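Tertiary structure, described
One letter stands for each residue in the lines below.
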Amino acid sequence: MTIRRIPHCSHWGAYTLLVEEDRIIGVEPLPQDPAPSPIIHSVPEWAKPDRRVLRPMVREGWLEHGPGSTGRARGSDRLIPVSWDHALDLVSKEITRVSKQHGNESIFAGSYGWTSCGRFHHASSLLKRLLNLVGGYTGHVDTYSIAAGPVILRHVLGDDGACGGEANTLESIAAHTETLVVFGALSPRTAQNEAGGIGTHRLEDSLRAIRDRGVKVVLVSPLRDDMPGWMDVDWWPIRPNTDTALMLGLAGELLAARRHDAGFLSTYTSGSDDFLAYLSGDIDGQRKDADWAAQITGLDAGRIRALARQMPDKRTMLTVSWSLQRAHHGEQPFWAALGLAAMLGQIGLPGGGVGYGYGSLGGVGAAMSAGKSPAMSKGRDVLRSFIPVARIADMLLNPGASYTYEGKTRRYPDARLVYWAGGNPFHHHQDLNRLSEAWTRPETIIVQDPMMTATARRADILLPASTSIERNDIAGNKRSDLVLAMQQAIAPLGEAKSDFDIFCLLADRLGVRDAFDEGRDEMGWLRHIYDLTRSDAADRLGFDMPPFEDFWTKGHAPCPRRPDVPHLSDFRAEPEANRLNTESGRIVLGSRQLGQLALPDCPAHPAWQPPAEWLGGAAEDELHLVSHQPQGRLHSQLETGGSSRAEKRNGREQVRLHPQDAAKRGITDGATVRLWNARGACLATARVTDTQRPGVAVLPTGAWLTGDAHGTDLSGNPNVLTLDIGSSAFGQGCAAHTCLVRIDPHDENPGDAMDIYAAQVAVLTDT
Ligand SMILES: Nc1nc2c(c(=O)[nH]1)N[C@H]1C(S)=C(S)[C@@H](COP(=O)(O)OP(=O)(O)OC[C@H]3O[C@@H](n4cnc5c(=O)[nH]c(N)nc54)[C@H](O)[C@@H]3O)O[C@H]1N2
Ligand SMILES: Nc1nc2c(c(=O)[nH]1)N[C@H]1C(S)=C(S)[C@@H](COP(=O)(O)OP(=O)(O)OC[C@H]3O[C@@H](n4cnc5c(=O)[nH]c(N)nc54)[C@H](O)[C@@H]3O)O[C@H]1N2
Ligand SMILES: [Mo]
């Protein structure tokens, strides 16, 4: 039997699939990848029918009564198999009906989600491309990953490039930084993934270089393992959501000791008088110093004072993880870090200043590609209707209600039709019980996904997409070092179709096929997309990429690199010639715009405001829940794979608890526990470790929501507990990391959550 070697790629890296007939018998990492992700070995799970949607299906109540009347039965009604023709006729008629009766604004197709890393069959781009040809849709802005952070940076730094690793490459940090202060994480756990794929995982190489140069590293995080154990770090176990106070306390110490760079502030910033007045206590009567910060953060005042003394003498780099802004007042840690870096005056120097998101994704801090990344065009947006991405439940619950975003007052559209392709809101959204209520409101919900996810189960019309290994595609992005081929390894499962084919069939029915496919088939498009990237590299940068055939055979092609120059070095050299795109042309530390807006939860200078839920305002028995990204999978994807299962115990996710917190509650390692608050409850298995601050519980995201009759999720999904509020009236980002819970021992283990999930789906599909 011959074994075929198929080059492929996912968000967690590139690999070769070994295929015998139509069976995957092995997965080999890309040889040049120094740290391949173990998640690649879970990819063969896609080829198993167990969790797949194998046929188009329609919810019984919707099939009988039509759109609108039976939304409460979503998730409990049976799903009835129908033919593709029938399903697609229903979808195209619904799009036409809602467009005619309510206008295209009532079609919500934000469709947020990571889908596959293929840039051609990119589900939400294709959905938007189709809808743009028939009058448009309501979309979304920002991401669950980053919203509060980039929104504030666009106003105070002029753009959000610093969010994606442009401030300094990790190589430059490894070569020049003397003191590295890490707020959040620099973790190979999250760096496994990069949106759109990644060729080589380099974070650990950079960390080793940092270690070998003897850089002083301070890790400010509730978790010690937010950096590898082999890094010699000074761990500051901070209370979650209080970093802003630490940054302000450090800045206040610099000011009090007159060690701040007054020249930098006057040349390169605006509004620093307000900021300095706030630090010195002139505005609110409270001096922001080490003692003040220590009492809020739970850290040691002496260490804070000592660090403030060291920072100005050394080349100091601050890194801030995206997680810090996924919180109430999430704008503030990003802005306060910029304020602290401005006080140090090293912005724009190699290895100095501040940068955001290092390690949050595998490519952040890598040398960026200077070329055009491969992408499928979603066409021109014909409607400018959008919501901030994490305001989905607010929109569905309050059509027409007003809210503010980025300084403007806006209204939620009246979404009648929801089309979700390539995302899993019943994984990613906060307060899932609130989302469940919101989910009853639309007249029709269409879900297109390969998997019978928690969202798919709650669809009216369910369309089975194929996974990336069942079709051809192309991967790459601006932070990836390679453009990668994703070749088809096996035939589609069941009746699954590729996202492109599904949308072509819908385009036929809607009368826009020619404009949608422009006469190209799958391979025609891949060649076209690759050639656009290749000719851009040649014409603009004089960089030779191989012809398509060579790329496709080899499986990858190199991209042109940007020169490694620190962000804002040009602004530093010539501030007038290189004015920033802000209200003053400089870094904004006191904002006229925010002053005029006078928002109670986003003040006009970086400021500490206690979040809605935090340890400083908690009852004796409450814990702060950190729901971080899972080690063994990407969000909810490949939950049944080996690397994901390895993190579970006794049939569900593990919640980490400090020995003191466990003892107080009579909880032992391995015991089943119940996490709860006013919003919801879930079970998890206790893992008692001292690698996190007492008072902090850690439960990763992504377990498949498996509710029972008492409203308790059995899988260990933290989003039944998290808080669904905007970061502030300015950024409106998701606030997942702001959450208090209680945890009790739970007498009985109801069994493996994955088996329970399968049994629930069997009832819905009557198989
Ligand atoms: N509590 C808490 N919640 C969080 C976070 C947190 O830190 N804490 N983090 C948030 C963040 S940063 C993010 S980005 C979100 C992630 O949220 P999502 O991006 O929604 O999560 P995924 O599980 O990646 O969902 C992708 C979906 O696409 C489907 N899919 C895969 N391939 C294809 C394909 O080829 N075609 C189609 N049609 N579908 C496909 C998968 O089966 C899956 O259902 O979660 C957010 N939620
Ligand atoms: N394996 C894996 N990797 C992933 C993903 C995945 O699902 N699986 N998802 C990817 C996606 S979409 C994204 S956006 C990125 C997200 O990247 P990040 O936002 O960086 O990841 P998180 O895991 O949410 O958080 C990182 C760490 O921040 C710390 N933290 C939380 N709150 C606070 C705080 O208030 N202060 C401080 N100092 N630290 C805090 C926690 O200890 C946590 O472990 O990860 C990506 N990488
Ligand atoms: Mo994300």
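Residues numbered from 1 in each chain as written. Chains lettered and ligands numbered in written order. Predicted model: local features only at pLDDT ≥ 70, side-chain atom pairs only at ≥ 80, totals over all residues. Heavy atoms only, no water.

Some remarks on the site of ligand 2
Condition: The criterion for a residue being near a molecule or strand is simple. One of its heavy atoms has to lie within 4 Å of it. Contacts described as polar in this section are N or O atom pairs within 3.5 Å, which, within protein, must combine one atom able to donate a hydrogen with one able to accept it, while residues neighboring in sequence count only if both atoms come from side chains. Using a 1.4 Å probe, the Shrake-Rupley method yields the accessible areas, and only the shown protein chains count as cover for residues. Residue polarity follows a fixed list, in which Ala, Val, Leu, Ile, Met, Phe, Trp, Tyr, Cys and Pro are nonpolar, Asp, Glu, Lys and Arg are charged, and the others, Gly among them, are polar. Per the annotation, domain bounds derive from an automatic or database assignment of domains.
As a structural note, the neighbourhood of ligand 2 is formed by 33 residues, with Asp226, Asn241, Asp243, Arg326 and Pro630 the closest of them. Note that a nitrogen atom of ligand 2 is positioned 2.9 Å from one of the backbone N or O atoms of Val220. Burial of ligand 2 by the protein amounts to 99% of the accessible area it has alone, namely 910 Å². Along the lines of polarity and charge, the residues of the shell around ligand 2 split into 13 nonpolar, 15 polar and 5 charged. Residue assignment places the shell around ligand 2 across two domains, with domain 3 (167-367) and domain 4 (615-765) each supplying three or more.

Topic: the pattern of salt bridges
A side chain with one charge can pair with a side chain of the opposite charge if their charged atoms come near. Note the following rule: When a carboxyl oxygen of Asp or Glu is within 4 Å of a side-chain nitrogen of Lys or Arg, the pair counts as a salt bridge. Secondary structure follows DSSP: runs of H or I at least 4 residues long count as helices, runs of E at least 2 residues long count as strands, and numbering of each begins at the N terminus. Burial here depends on accessible area, computed with a 1.4 Å probe over protein chains only, as a share of the maximum for the residue type. Under 20% is buried, over 50% is exposed, and the range in between is partly exposed.
Here the structure, examined in full by the defined rule, presents 53 salt bridges. Between Asp85 and Arg509 there is a salt bridge; the shortest N-O distance is 2.9 Å. Here the residue Asp85 occupies a position in helix 2 (residues 84-102), and Arg509 occupies one in helix 17 (residues 499-510), the gap between them amounting to 424 residues. With a shortest N-O distance of 2.9 Å, Arg679 and Glu613 are connected by a salt bridge. In this pair, Arg679 is assigned in the loop between strand 26 (672-677) and strand 27 (680-688) and Glu613 in the loop between helix 22 (592-597) and strand 24 (623-626), connecting sequence segments 66 residues apart. The class of Glu613 is buried, set by a relative accessible area of 15%.

Some details on the sheet that holds strand 22 (residues 556-558)
Hydrogen bonding along the main chain pairs the strands of a sheet, whether they run parallel or antiparallel. Convention followed: Each pair of strands is called paired provided DSSP finds at least two bridges between the two strands. Helix axes are fitted only over the stretch in contact, all axes being lines through C-alpha atoms; the angle between N-to-C directions runs from 0 to 180 degrees. Note on definitions: a residue-residue contact is assigned when non-hydrogen atoms from the two residues lie within 4.5 Å.
An order of 20-21-22 is seen for the 3 strands of this open sheet, with the pairing classed as antiparallel. Both outer strands of the open sheet, strand 20 (473-475) and strand 22, are each paired with one neighbouring strand and no more. Adjacent strand axes in the sheet meet at a mean angle of 20°, parallel and antiparallel pairs treated alike. In the sheet, strand 20 pairs with strand 21 (residues 482-486) via 3 bridges, with the strands oriented antiparallel. Pairing of Ile474 across the sheet is with Ala485, part of strand 21. Against the sheet, helix 19 (residues 522-541) touches strand 20, strand 21 and strand 22, its axis set at about 25° to strand 20.

What to know about the packing of aromatic side chains
What counts, and what does not: Within 6.5 Å between ring centres, the rings of Phe, Tyr and Trp (the latter by its six-membered ring) count as paired, and their orientation is classed by plane angle as stacked under 30 degrees, edge-to-face over 60, tilted in between. By definition, being over a ring means that NZ of Lys or CZ of Arg is both within 6 Å of the ring centre and within 35 degrees of the ring normal.
Throughout the structure, instances matching the rule amount to 21 aromatic pairs. With a centroid separation of 6.1 Å and 75° between ring planes, the pair formed by Phe386 and Tyr405 is classed as edge-to-face. Of the two residues, Phe386 sits in strand 14 (residues 385-388) while Tyr405 sits in strand 15 (residues 402-405), which places them 19 residues apart along the sequence. Like Phe386, the residue Tyr405 is buried in the burial classification. Arranged with centres 4.4 Å apart and planes meeting at 5°, the rings of Tyr530 and Phe551 form a pair that is stacked. Separated by 21 residues along the polypeptide, Tyr530 in helix 19 and Phe551 in helix 20 (residues 548-554) bring together distant segments of the chain. Looking at Tyr530, the relative accessible area reads 0%, which means it is buried. Taking the ring centre of Trp525 as reference, the NZ or CZ of Arg520 above it sits at 4.6 Å.

A few points about the domain arrangement of the protein chain
Here is the rule: Summed over both partners, the accessible surface that disappears when two parts come together, traced with a 1.4 Å probe, is what is meant by buried area.
Taken domain by domain, the protein chain holds domain 1 (3-47), domain 2 (57-144 + 372-472 + 491-519), domain 3 (167-367) and domain 4 (615-765). Centre-to-centre, using C-alpha coordinates, domain 2 lies 28 Å away from domain 4. Counting residues at the interface gives 35 residues for domain 2, matched by 31 residues for domain 4. With both chains or domains summed, domain 2 and domain 4 bury close to 2,600 Å², and 53% of this area falls on carbon and sulfur atoms. Among the residues of domain 2 in contact with domain 4, His427, Gln430 and Arg457 are the three that bury the most area, contributing 25% of the side total. The interface formed by domain 2 and domain 4 includes 2 salt bridges. Linking Asp724 and Arg391 is a salt bridge whose minimum nitrogen-to-oxygen distance equals 2.8 Å. Here domain 2 and domain 4 share 20 residue pairs in polar contact (both at pLDDT 80 or more) between them. Looking at the side of domain 2 that touches domain 4, the elements that each hand over two or more residues are strand 15, helix 15 (425-428) and helix 16 (432-439). When the residues that make up the side of domain 2 that touches domain 4 are grouped by side-chain class, the tally is 14 nonpolar, 12 polar and 9 charged.

Thoughts on helix 25 (residues 753-765)
Where we set the bar: For a helix, the expected span equals 1.5 Å multiplied by the number of residues minus one. Our arc is simply the arc of the directions from the helix axis toward the C-beta atoms.
Taking 1.5 Å as the rise per residue, helix 25 with 13 residues should run 18 Å; its terminal C-alpha atoms sit 18 Å apart, in good agreement. Among the residues making up helix 25, those that are buried are Ala753, Met754, Ile756, Tyr757, Gln760, Val761, Leu764 and Thr765. Projected down its long axis, helix 25 carries its buried residues within an arc of 165°, all on one side. Of the exposed residues in helix 25, those oriented more than 90 degrees away from the buried face are Asp755 and Val763.

Side note on the site of ligand 1
Within the structure, ligand 1 sits among 34 residues, and His428, Asp449, Arg471, Ser636 and Asn719 are positioned closest to it. Within the side chain of Gln430, a nitrogen or oxygen atom sits 3.2 Å from a nitrogen atom of ligand 1. In isolation ligand 1 exposes 920 Å². Once the protein is present, 98% of that is buried. Within the residue set of the shell around ligand 1, elements represented by two or more residues are helix 15 and strand 18 (444-449). A per-class count over the shell around ligand 1 returns 8 nonpolar, 22 polar and 4 charged. Looking at which domains feed residues into the shell around ligand 1, each of domain 2 (57-144 + 372-472 + 491-519) and domain 4 (615-765) gives three or more.

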